[in-house]
Amino acid sequence: SDTTGAISTCANPWLERDFFAGAIGPLATAATMYMQRYGATEEDAAIVAAREHNNALNNPYAHLRMKTTVEDVLKSPMLSYPIHLLDMCPRSDGACAVIFASEEKAKKIADRPAWVLTTVTRHDFTHFGDLVGWERMPTLYSASKEAYKILGIKNPLREIDVMELYTPCSWSGLSWMESLGVCGLGESIKLNREGVYDMDGKLPINPSGGVICTNPIGATGLIRFAEAALQVMGKADKRQVPNVKTALATGFGGCSWTDLMILGETPR
């Protein structure tokens, strides 16, 4: 299907569609609002992009596998200010499958299953303009808040070991950490620069390289959950984060909907 055409139906036909056709326009708008409110720069987003492109070097299934610097990102063509080419996800080809089983069956077919601890879904909006303010990604904020409440998670930065997130561009990988409750509004900029989200940081984000390196539309969301499961199972090979006990994964799309799952090494 024509993904751009499909995404365009999320824009109000009279007020938004001329400049919100496809994914880049709305993402660029959200990015400029974040820049204006919290002082983020193109370099802050480029740090995210470079990190994920370099993570993808360890992923044999990644579409884009190239050593990337912050300077490379900033020098890549501008798609829609402030989003550069290397800030944005590609359009890939690929597929994904996962096996769900009962607790009894899972113990028989896997030495170390990844247990589904909770799932939350939010499909709350009809048009992009319904996301009033955009200081948070509302569905991600609501879904994560409920998931944490179910599991008694008070500090996701300390209690979750790794996250595989459906972040379609580097700016999402920066600002949406705040919607996930990892830090306060505007604080992700500092954590990002300090390397908190790096493979060897306190909370590694997208060890697989994430969506900006591989985006087979239709399978992209499921890949996040599969990668999170591999991390819990200790089967992520060169992209494995040490000692993963809890992993969070998200799906994203349409008019900014969110699907969220938290996986763990032991059932609850």
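To be clear, the structure that these remarks concern was listed above.
The rules behind these values
- Residues numbered from 1 in each chain as written.
- Predicted model: local features only at pLDDT ≥ 70, side-chain atom pairs only at ≥ 80, totals over all residues.
- Heavy atoms only, no water.
- Pairing = 2+ DSSP bridges.
- Helix = DSSP H or I, 4+ residues; strand = E, 2+ residues; numbered from the N terminus.
- Axes fitted to C-alpha atoms, helices over the stretch in contact; angles between N-to-C directions.
- Contact = heavy atoms within 4.5 Å.
- Core = buried A, V, L, I, M, F, W, Y, C linked by side-chain atoms within 4.5 Å.
- Buried < 20%, exposed > 50% of the residue type's maximum accessible area, 1.4 Å probe, protein only.

**Considering the sheet that holds strand 5 (residues 246–253)**
Turning to step 1, where the next piece is worked out: Reading across the sheet, the four strands line up as 3-6-5-4 and stay open at both edges, with mixed pairing between neighbours. Single-partner strands in this sheet number two, and they are strand 3 (115–122) and strand 4 (162–164). Within this sheet the neighbouring strands show an average axis-to-axis angle of 15 degrees, counted without direction.
Turning to step 2, where the next piece is worked out: Pairing of strand 4 with strand 5 involves three bridges; the strand directions are parallel. Bridged to valine 162 within strand 5 is alanine 247.
Turning to step 3, where the next piece is worked out: Against the sheet, helix 6 (residues 138–151) engages strand 3, strand 4, strand 5 and strand 6 (257–264), with an angle of about 145 degrees to strand 3.
Turning to step 4, where the next piece is worked out: Across the sheet, helix 10 (residues 220–233) touches strand 4, strand 5 and strand 6, and the angle it forms with strand 5 is around 175 degrees.

**Some thoughts on the side chain of threonine 250**
Turning to step 1, where the next piece is worked out: Mapped onto the elements, threonine 250 comes out in strand 5.
Turning to step 2, where the next piece is worked out: Those residues in contact with threonine 250 that lie beyond four places of it in its chain are Leu140, Glu164, Leu165, Tyr166, Gly221, Arg224, Phe225, Asp259 and Leu260.

**Notes on the nonpolar core**
Turning to step 1, where the next piece is worked out: Core analysis: the biggest nonpolar cluster contains 46 residues, and Met163, Trp171, Met177, Leu180, Val182, Leu248 and Ile262 have the highest contact counts within it.
Turning to step 2, where the next piece is worked out: When sequence neighbours within four positions are dropped, the list of residues in contact with tryptophan 171 reads Ala31, Tyr34, Met35, Ala40, Thr41, Glu42, Ala45, Pro82 and Ile83.
Turning to step 3, where the next piece is worked out: Listed in part, the eleven residues of the second largest apolar core include Phe225, Ala228, Val241 and Leu263.

Bear in mind that shape data such as this cannot, by itself, settle questions of function.
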